[in-house]
Amino acid sequence: MSRKKGNIAEDLAVSYLQEKGFLILERNFYTLFGEIDIIAQHGRVMHFIEVKSGNNFEPIYNVTPKKLEKIFKSIQVYMLKNKLDIAYCIDVVILSKNRIEFIENITL
């Protein structure tokens, strides 16, 4: 996916999350391990959110164990950098065929 399409998907995901009451803290947090698309807070929980989009396939299949491992390592960097000790989870926002799906608290 091109960066332009990725930005459009992330903008849609941010709008969706804000409508659901999430506070967006950061976008496109980069580490040596990879990138976290969206970092948000909802209540007392930090949400590290991967955004996937596509119309000709199921985007969820791009969330692989290797991708989750990179996200997890990037989360550790974010938590250390910001001196945070708070509950967190990894989520995915999927955009496909005019629908948005939010999958909360995915694991390896």
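Residues numbered from 1 in each chain as written. Predicted model: local features only at pLDDT ≥ 70, side-chain atom pairs only at ≥ 80, totals over all residues. Heavy atoms only, no water.

Q: Please give an account of the overall build of the protein that cites residues and values.
A: Helix and strand counts for the protein come out as 2 helices and 5 strands. For the protein, the sequential pattern of α-helices and β-strands runs α-β-β-β-α-β-β. Compactness check: the protein gives a C-alpha radius of gyration of 13 Å against a globular reference of 13 Å for 108 residues, within 12% of the reference. Counting only C-alpha atoms and orienting by the principal axes, one finds that the protein spans roughly 40 × 30 × 25 Å. Across the protein, every contact between residues at least 6 apart in sequence was considered, and the portion connecting residues at least 24 apart equals 52%. As presented, the protein carries roughly 6,700 Å² of accessible surface, and 53% of it is formed by carbon and sulfur atoms. (Helix = DSSP H or I, 4+ residues; strand = E, 2+ residues; numbered from the N terminus. Rg over C-alpha atoms; globule rule 2.2 N^0.38 Å. Contact = heavy atoms within 4.5 Å. Areas by Shrake-Rupley, 256 points an atom, 1.4 Å probe, with all protein chains shown as cover.)

Q: Residues and numbers for the nonpolar core, please.
A: Among the nonpolar cores identified, the biggest contains 15 residues, and Ile36, Ile39, Phe48, Ile75, Tyr78, Ile90 and Ile106 are the most heavily contacted of them. Counting residues per element, the ones that place at least two in this core are strand 2 (35-42), strand 3 (45-53), helix 2 (65-81) and strand 4 (88-96). With 5 residues, helix 2 is the largest single contributor of residues to this core. Once residues within four sequence positions are removed from consideration, isoleucine 39 is found in contact with Leu23, Ile24, Leu25, Glu26, Phe29, Met46, His47, Phe48 and Tyr78. Among the nonpolar cores identified, the runner-up in size contains 12 residues, and Leu17, Val51, Val93 and Leu95 belong to it. (Core = buried A, V, L, I, M, F, W, Y, C linked by side-chain atoms within 4.5 Å. Buried < 20%, exposed > 50% of the residue type's maximum accessible area, 1.4 Å probe, protein only.)

Q: Tell me about a nonpolar patch on the surface, and please be specific about residues and values.
A: Together, Ile8, Leu12 and Ile100 line one region of the surface with nonpolar side chains, adding up to about 250 Å² of accessible area. One can find leucine 12 in helix 1 (residues 3-19). Leucine 12 sits in the partly exposed class, given a relative accessible area of 45%. (Patch = residues over 30% accessible without salt bridge, like charges linked within 9 Å, V, L, I, M, F, W, Y side chains within 5 Å. Salt bridge = Lys/Arg side-chain N within 4 Å of Asp/Glu carboxyl O.)

Q: Outline the packing of aromatic side chains, supporting the account with residue identities and numerical values.
A: By the definition in use, this model includes 4 aromatic pairs. Summarising the aromatic geometry, the rings of phenylalanine 22 and phenylalanine 102 are spaced 5.6 Å apart at their centres and angled 75° between planes, so their arrangement reads as edge-to-face. Of this pair, phenylalanine 22 sits in the loop between helix 1 and strand 1 (23-30) while phenylalanine 102 sits in strand 5 (residues 99-106), and the two are 80 residues apart along the sequence. Between phenylalanine 29 and tyrosine 78, the aromatic rings sit 5.1 Å apart at their centres with planes inclined by 90°, giving edge-to-face as the arrangement. With a gap of 49 residues between them, phenylalanine 29 in strand 1 and tyrosine 78 in helix 2 connect regions that are remote in the sequence. Its relative accessible area of 6% is what places tyrosine 78 among the buried residues. (Phe/Tyr/Trp six-rings, centres within 6.5 Å; stacked < 30°, edge-to-face > 60°.)

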